[in-house]
Amino acid sequence: MNQPLAYVHPGAKIAKNVVIEPFTTINNNVIIGEGTWIGSNVTIMEGARIGKNCNIFPGSVISAVPQDLKYNDEDTTVEIGDNVTIRECVTINRGTSDRMKTVVGNNCLIMAYCHIAHDCIVGNNCIFSNNSTLAGHITIGDYVVLAGMTAVHQFVSIGNHAFVTGGSLVRKDVPPFVKAAREPLSYVGINSVGLRRRGYSSDKIREIQDIYRILYQKNYNNTQAVEIIEAEMEATPERDEILQFIKNSHRGIMKGYFKSN
């Protein structure tokens with residue numbers, strides 16, 4: 001707080017042990033939790049709520065007004081959880097009247113040049129690789145990995161534990177536990193490596209695979225597949241999570257394995 005080459009507005013609420021490097025600007029109506037490090041040349045604008053033990057690298061802009069022509073100067077926020085690392089030149093815009101906030105959960109890694117637009121809700125333990133871009137109103141579950149240069153269409157949802165390969169264009173909802181790849185984006189299997197790393201048993205992984213075989217590999221339409229899964233598969237938290245995601249999908253879920261000509 002004694003850094004003479006940084007500007008901190010008197011109205012900002014900064015924990016005593018926050019480190020703020022030179023040439024950083026922190027505006028009014030900002031809250032930053034204990035143990036957070038703010039690198040040089042960072043701009044934190046009004047409405048930012050940043051948790052404990054975060055690291056924000058040079059060039060990032062947090063809580064700028066939305067890039068949305070409908071925005072009418074609403075009093076909105078960006079809420080960033082604890083233990084979040086935001087690498088160089090990341091931009092995170094605050095919300096609009098839709099959700100009134102943009103949220104990044106705990107323990108996330110947002111790599112360089114990523115963009116998270118207005119009204120996005122990002123869960124815990126997510127990893128966004130370099131240049132991944134979220135349009136507005138997107139919902140991302142927990143433990144989601146977006147590989148580099150992934151672009152996600154507005155209003156899309158991505159379920160827990162999903163993995164999206166690099167360079168993907170995500171136009172439809174991505175269900176939980178899956179790997180998504182190819183163009184157009186398609187189901188290519190479940191995220192078995194990620195699930196094993198997070199303690200899922202082999203039996204549980206096989207159960208999830210069996211559900212997605214019915215959904216994506218048996219030539220049923222989605223309505224038929226959901227009916228069969230409900231009738232034939234034992235009720236478990238994972239089964240119910242998949243079914244609920246499909247039923248709640250507004251954009252429709254991505255297709256099964258796509259084979260080009």
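Residues numbered from 1 in each chain as written. Predicted model: local features only at pLDDT ≥ 70, side-chain atom pairs only at ≥ 80, totals over all residues. Heavy atoms only, no water.

Peer 1: It is not clear to me how the UniProt feature "domain: Mannose-1-phosphate guanyltransferase C-terminal" (unreviewed entry) in the protein should be interpreted in this structure. Could you clarify?
Peer 2: Per the UniProt record, "domain: Mannose-1-phosphate guanyltransferase C-terminal" (unreviewed entry) is annotated on residues 6–96. With 0% helix and 35% strand, residues 6–96 has end C-alpha atoms that lie 29 Å from one another. (UniProt positions renumbered as here; feature names shortened; annotations may be inferred. Helix = DSSP H or I, 4+ residues; strand = E, 2+ residues; numbered from the N terminus.)

Peer 1: In this structure, what is going on with the nonpolar core? I would like to understand it.
Peer 2: What tends to happen in soluble globular proteins is that the nonpolar side chains get buried as a cluster. Counting residues in hydrophobic clusters, the biggest one holds 69 residues, and the most contacted among them are I44, I80, F128, L134, I158 and Y212. Of all elements in the fold, only β8 (48–50), β11 (77–80), β26 (178–181), β27 (186–190), α2 (202–216), α3 (222–232) and α4 (237–248) reach the threshold of two or more residues within this core. Considering every element that reaches this core, the biggest residue donor is α2, with seven residues. (Core = buried A, V, L, I, M, F, W, Y, C linked by side-chain atoms within 4.5 Å. Buried < 20%, exposed > 50% of the residue type's maximum accessible area, 1.4 Å probe, protein only.)

Peer 1: Would you explain the side chain of T36 in this entry?
Peer 2: With respect to the helices, strands and loops of the structure, T36 is situated in the loop between β5 (31–32) and β6 (37–38). A relative accessible area of 1% means that T36 is categorised as buried. Within polar-contact distance, the side chain of T36 engages the backbone oxygen of G51 at 2.8 Å. (Polar contact = N/O pair within 3.5 Å; in protein donor to acceptor, adjacent residues only side chain to side chain.)

Peer 1: Would you take a moment to explain α3 for this structure?
Peer 2: Each turn of an α-helix holds 3.6 residues, which means side chains three or four residues apart point in the same direction. All buried positions along α3 are accounted for by A225, V226, I228 and I229. Buried residues of α3, seen end-on, are gathered within an arc of 165° and therefore sit on one face of the element. Exposed residues lying more than 90 degrees from the buried face of α3 are T223 and A231. Residues of α3 that are buried sit in contact with α2 and α4. Between a side-chain oxygen at the N-terminus of α3 and the backbone nitrogen of T223 the separation is 3.1 Å; the capping residue is N221. (Arc of directions from axis to C-beta. Contact = heavy atoms within 4.5 Å.)

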